[in-house]
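Coordinate analysis (summary)
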Amino acid sequence: MAKTLDSDLAAPDVAGQPTAKVRRWRTASWAPVVVLVLLCAIISVINPNFMSFGNAQRIAQAAMIPLVLGIGATFIILMGSIDLSVEGGLTLAAVILSLLTLNGANGNDFGILAVLAVLIVGASVGFINGMIHVYFKVPSFMATLGTWFMGVGLANALLGGMAVRINDPWIRGLAIERFLGFPWGAWLALVCLAGAFGIQNYTRLGRYIYALGGGEELAVLSGISVVRVRIAAFTLAGVFYAIGGILAAAQLGLGNAQIGNGRLFTTVTAVVVGGTALSGGQGSVLQTLVGVLIVVVLSNGMVLMGVPPSVQIGAQGLMIIAAVALSIDRKLMRIVK
Amino acid sequence: MPKFILQLDRESLRQWLPLVTLVLLVTLVGVFQPSFLRPSTLLQLASDTAVLFVLATGVTFVIMLGGIDLSIQSMASLASVIVALTVARLGYGSFVLAIAIGVVAGLASGLAHVLLKIPSFIATLAMSGVLASSALVLSKERSITLGELDRGYQTWITGTVYGLPNVIIIGFIVLVIAHILQSQTRFGRYSAAIGAGEPAAYASGVKVDRQKVYAYILSAGFAALAGVVLAGRLASGSPTLAAEMLLPSIAAVVVGGTAITGGVGSIWRTLIGALIITVVRIGMTFLGVNIFAQNIVFGAVLIGAVAITIDRSKIPIVK
């Protein structure tokens with residue numbers, strides 16, 4: 001019985017979903033692109049320097065970390081959950097990387113093993129998020145609020161308030177060395193995007209994440225193991241935050257406990273502005289790319305126009321409200337908490 | 001009857017566990033450090049709890065409704081900056097101005113939440129960005145120390161009455177006002193009703209949206225008051241003054257036994273929760289735990305308390 005139910009529901013779901021969804025969301029998923037193009041046009045009219053190759057390099061440099069973080073968060077938001085532990089995972093990853101690789105504070109020099117260890121740390125943070133969320137049945141925003149501060153606290157405890165210089169040329173090279181004019185980190189972020197796109201569209205995990213976000217009751221009835229999908233998604237997101245941590249450490253050339261400050265904000269803004277709905281089920285990592293570019297281009301434009309950087313957080317806050325207000329499907333939610 | 005007993009146990013656990021925990025913690029610290037139980041130390045403990053308690057009281061109103069306010073720390077920091085910038089010109093008016101801005105900010109996040117139907121955690125997260133940004137711009141990203149003259153206006157915070165620090169009196173007044181609001185007014189009853197079951201409250205004619213906006217106004221208003229008090233105690237205002245207080249505040253509410261699903265809770269519970277948090281912090285400082293690393297413990301305490309108090313029958317799907 002369960003088996004027939006499974007195959008009956010799963011087959012039309014896989015076959016019928018893309019056409020219906022693509023048609024319905026064509027306008028909504030193109031709106032952010034239009035915003036991005038308009039934004040670029042307006043800024044280049046005000047300041048022609050915007051369209052230079054040098055500025056494109058600056059934008060790539062600024063976009064690489066938000067892109068990697070945003071990709072991770074997209075998977076969580078697609079499920080209709082939220083991950084507030086971005087800064088916790090990133091800070092912990094950056095600090096552990098700075099302690100394990102060739103650095104100015106201790107004698108460690110584990111090279112590629114350090115990177116591997118950091119990826120495992122990121123995965124564990126995500127795994128813990130998922131376990132708390134699923135097994136204690138704690139809403140994701142509370143579970144990840146806790147792990148956010150635990151991650152940053154642990155990073156602080158490891159460093160005791162210091163900052164550790166990173167001397168490993170390979171890691172510094174991610175931000176400094178260039179390939180075709182763009183830093184290696186930006187290429188790495190694009191590789192992450194390609195990988196995430198593959199996971200999202202061509203694996204079972206990706207389809208199940210969409211299914212959970214679209215309607216969890218239905219997903220359960222079609223035999224999807226919600227527990228496993230949720231834990232896997234949080235773990236995956238944790239790995240992306242760790243990659244973000246590696247890039248952040250490379251960009252700053254050091255690891256400290258403040259390295260993550262403000263990054264949660266940019267991440268959530270980028271995902272939501274890109275058009276991924278907080279209610280889940282609708283969106284894509286490609287839309288997150290557009291969202292990241294909107295956020296980065298806007299802050300780049302503000303710098304070109306001489307607006308102080310501290311205004312940017314406020315502008316992002318207003319963007320979150322506007323984007324969520326425009327993208328939420330209110331018919332689906334009668335009670336908003 | 002085993003199910004009934006089980007439910008009773010769970011209910012009484014939530015009722016009494018916070019108080020028992022507090023007494024145990026105080027005894028424990030007292031055994032290791034007998035000077036902790038002296039009246040002067042306990043008064044110091046109460047003064048240190050006051051700001052946390054005021055912050056947590058505000059957010060209790062929102063949590064009672066089943067929402068959350070993630071902007072209180074930014075609001076408190078902004079209020080401290082406003083006081084530091086204007087106290088020389090406006091005198092006592094600067095405190096009123098800071099709290100008025102709090103009320104406006106609360107109104108804004110409340111309206112964003114109910115009119116645009118944005119989930120509260122995202123609306124207040126966005127609002128915290130706007131507030132933090134305002135504080136950074138106004139203060140030019142610096143910490144502003146209050147001058148000798150300005151400190152004269154702060155005696156209502158820093159002074160004492162018959163040896164009793166004024167901060168404790170402020171905390172007590174907040175407790176009384178919040179308790180009356182919560183237990184003696186229509187707003188308090190409607191909040192509990194909305195938290196217990198929003199569709200039922202709506203169906204019985206409660207103006208749900210209006211009550212929610214009131215709760216966010218109270219939350220931001222009390223957060224601003226906390227910022228004002230904090231600025232007085234530290235004799236400075238800074239855009240990051242209260243940055244580390246979001247987690248302890250929410251933890252205080254939840255540890256006290258107020259469920260984040262709403263409906264169950266009280267200001268007394270928040271008071272107990274805030275005292276627990278302060279005793280734990282003092283205990284950890286005594287053991288030599290770095291103040292930033294203490295967040296590891298608070299994060300774990302928060303998750304544990306949420307897991308115990310949450311009412312899972314209200315959320316069939318945990319997202």
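In what follows, the accompanying structure is described. (Residues numbered from 1 in each chain as written. Chains lettered and ligands numbered in written order. Predicted model: local features only at pLDDT ≥ 70, side-chain atom pairs only at ≥ 80, totals over all residues. Heavy atoms only, no water.)

1. Quick word on the interface of chain A and chain B
Which entries qualify depends on this criterion: In what follows, residue pairs with any heavy atoms lying within 4.5 Å of each other are defined as contacts. Think of a polar contact as two N or O atoms within 3.5 Å of one another; within protein, one of them needs to be a possible hydrogen donor and the other a possible acceptor, and neighboring residues in sequence only count if both atoms come from side chains. Every helix listed is a DSSP run of H or I at least four residues long, and every strand listed is a run of E at least two residues long, numbered separately from the N terminus. Ten residues, namely Ala, Val, Leu, Ile, Met, Phe, Trp, Tyr, Cys and Pro, are considered nonpolar, four, namely Asp, Glu, Lys and Arg, are considered charged, and the remaining ones, Gly among them, are considered polar.
Counting residues at the interface gives 51 residues for chain A and 49 residues for chain B. Our count for the chain A to chain B interface comes out at four residue pairs in polar contact (both at pLDDT 80 or more). Taken together, the elements giving at least two residues each to the side of chain A that touches chain B come down to α4 (112–135), α5 (140–159), α9 (216–221), α11 (263–273) and α13 (310–327) of chain A. It is α5 of chain A that provides the largest number of residues to the side of chain A that touches chain B, a total of 13 residues. Taken together, the residues of the side of chain A that touches chain B break down into 29 nonpolar, 15 polar and seven charged.

2. Re the pattern of salt bridges
Worth spelling out the cut-off: The term salt bridge refers to a pairing of a side-chain nitrogen on Lys or Arg with a carboxyl oxygen on Asp or Glu at a separation within 4 Å. Throughout, exposure labels follow a simple rule: accessible area from a 1.4 Å probe, protein chains only, divided by the maximum for the residue type, with under 20% read as buried, over 50% as exposed, and the rest as partly exposed.
Using the criterion set out here, one finds three salt bridges over all chains in the structure. A salt bridge links E216 of chain A to R230 of chain A; its shortest N-O distance comes to 2.9 Å. You can see E216 of chain A sitting in helix α9 and its partner R230 of chain A sitting in helix α10 (residues 226–252), a full 14 residues away along the chain. By the burial criterion, E216 of chain A is buried, and R230 of chain A matches it. Its salt-bridge partner being R233 of chain B, residue D48 of chain B comes within 3.5 Å of it at the nearest N-O pair. Remark: R233 of chain B occurs in helix α10 (residues 208–234) and D48 of chain B occurs in helix α2 (residues 39–64); sequence separation between them is 185 residues. We classify D48 of chain B as partly exposed; its relative accessible area is 35%.

3. Side note on the side chain of S222 of chain A
Within the fold, S222 of chain A resides in the loop between α9 and α10. In terms of polar contacts, S222 of chain A uses its side chain to reach the backbone carbonyl oxygen of L218 of chain A, at 2.5 Å.

The quantities given are spatial measurements derived from coordinates; they are silent on function.
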